[in-house]
Amino acid sequence: MRRHSCFGFLFCAIFLPRILGFPQTNTSIDCDSLLPNYEAEPQTSAPPYLIAVSFDNFEPGNEIQVTLEALKDVGFKGFNLQAREIEGDVPVGTFKITDPNTKGLECHNVTNSAVSHANSDVKQKVTTTWIAPRDVRDLQFIATVVQDLEKFWVGIQSKTLTPTHSESVNGTGKSKRRLMIEVECNKRGGTYTTQGRCIMVGPSGSSQNSYSGSQVRVLTSSFCTFSFSNLEELKFCNCGVLR
């Protein structure tokens, strides 16, 4: 009898996780390789899951809702979701955990730099909030999704998100502020450069002023320049005479 009990225990320990379709609760997915911590091969077919985002563009500090969702009725039990720069291999930004089926992960010593499953329940959809960092380039959200012990997909990607600047940009590719300065520069007889500066020629040898940011310096030259960001200084300066 004891022999049968031992055999039954070993059977359950070895095969029950596979029968249930998901490994033990300590299953994790590596932050770098995005592979589960058990031996199996990822699926090569098109994944039955998608990653949706609430915005295409972002600025530092913006919060973007990210949804990992199953197509049709194909649920999932485990996942690892990150934001990575295009061709990057480390997570960027952090997540705000809002879904009870999710938990934050610490990748590369950054708290909540990735999101994973908090349990092995079957899920149709999970939602989280990503907080955009500074100094990042175009990026995508990337995920590994585990359907069951035998089936998982690696490298599921969202659309590409692009960082923007605080200045709005029109169809010419120039910000409204830059266009206003270019118009003002032309009105005053100056030349607007591609570097975003207004150069106005003054009388040869006259005392001129060069403005950059909030600093003013007097020099002897035949021209003066203005940084594109100094619209007010440009309006009230007559190329050498600060009014």
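Parameters and conventions
- Residues numbered from 1 in each chain as written.
- Predicted model: local features only at pLDDT ≥ 70, side-chain atom pairs only at ≥ 80, totals over all residues.
- Heavy atoms only, no water.
- Buried < 20%, exposed > 50% of the residue type's maximum accessible area, 1.4 Å probe, protein only.
- Helix = DSSP H or I, 4+ residues; strand = E, 2+ residues; numbered from the N terminus.
- Pairing = 2+ DSSP bridges.
- Phe/Tyr/Trp six-rings, centres within 6.5 Å; stacked < 30°, edge-to-face > 60°.
- Disulfide = S-S within 2.5 Å.

### Quick word on the pairing of strand 9 (residues 139-146)
Here is step 1: The buried count for strand 9 comes to eight of eight residues, which makes it a mostly enclosed element.
Here is step 2: Residues Leu139, Phe141, Ala143 and Val145 line one face of strand 9 and the alternating positions Gln140, Ile142, Thr144 and Val146 line the opposite face, and both faces are buried.
Here is step 3: Where strand 9 meets strand 10 (residues 152-157), four bridges bridge the pair, whose relative direction is antiparallel. Note on strand 10: the bridge partner recorded for Ala143 is Ile156.
Here is step 4: Between the end of strand 9 and the start of strand 10, which pair antiparallel, lie five residues.

### Structural notes on unusual backbone geometry
Here is step 1: Backbone geometry places Asn112, a non-glycine residue, at a positive phi of 60°.
Here is step 2: Owing to a relative accessible area of 24%, Asn112 belongs among the partly exposed residues under this scheme.
Here is step 3: For Asp135, which is not glycine, the phi dihedral falls at a positive 55°.
Here is step 4: Residue placement: Asp135 occurs in the loop between strand 8 (125-131) and strand 9.

### Side note on the packing of aromatic side chains
Here is step 1: In total, this model carries seven aromatic pairs according to the counting rule given.
Here is step 2: Both rings, one in Tyr38 and one in Phe152, keep their centres 6.2 Å apart while their planes meet at 75°; by these two values the pair is edge-to-face. Residue Tyr38 is found in the loop between helix 1 (2-20) and strand 1 (49-53), and its partner Phe152 is found in strand 10; the two are separated by 114 residues along the sequence.
Here is step 3: With relative accessibility at 17%, the residue Tyr38 sits in the buried group.
Here is step 4: Here Tyr49 and Trp153 contribute two aromatic rings whose centre-to-centre distance is 5.7 Å and whose plane-to-plane angle is 70°, an arrangement assigned as edge-to-face. Linking Tyr49 in strand 1 with Trp153 in strand 10, this pair joins segments that are 104 residues apart in sequence. Side by side, Tyr49 and Trp153 carry an identical accessibility label, which is buried.

### Points about the state of the cysteines
Here is step 1: Within this structure, the stated rule accounts for one disulfide.
Here is step 2: With its sulfur 1.9 Å from that of its partner, Cys31 forms a disulfide with Cys107. When the S-S torsion is -70°, as for the bridge of Cys31 with Cys107, the disulfide is left-handed. Taken together, the residues Cys31 in the loop between helix 1 and strand 1 and Cys107 in strand 6 (residues 102-107) connect sequence positions 76 residues apart.
Here is step 3: What makes Cys31 buried here is its relative accessible area of 18%.
Here is step 4: The exposure class of Cys107 is buried, given its relative accessible area of 1%.

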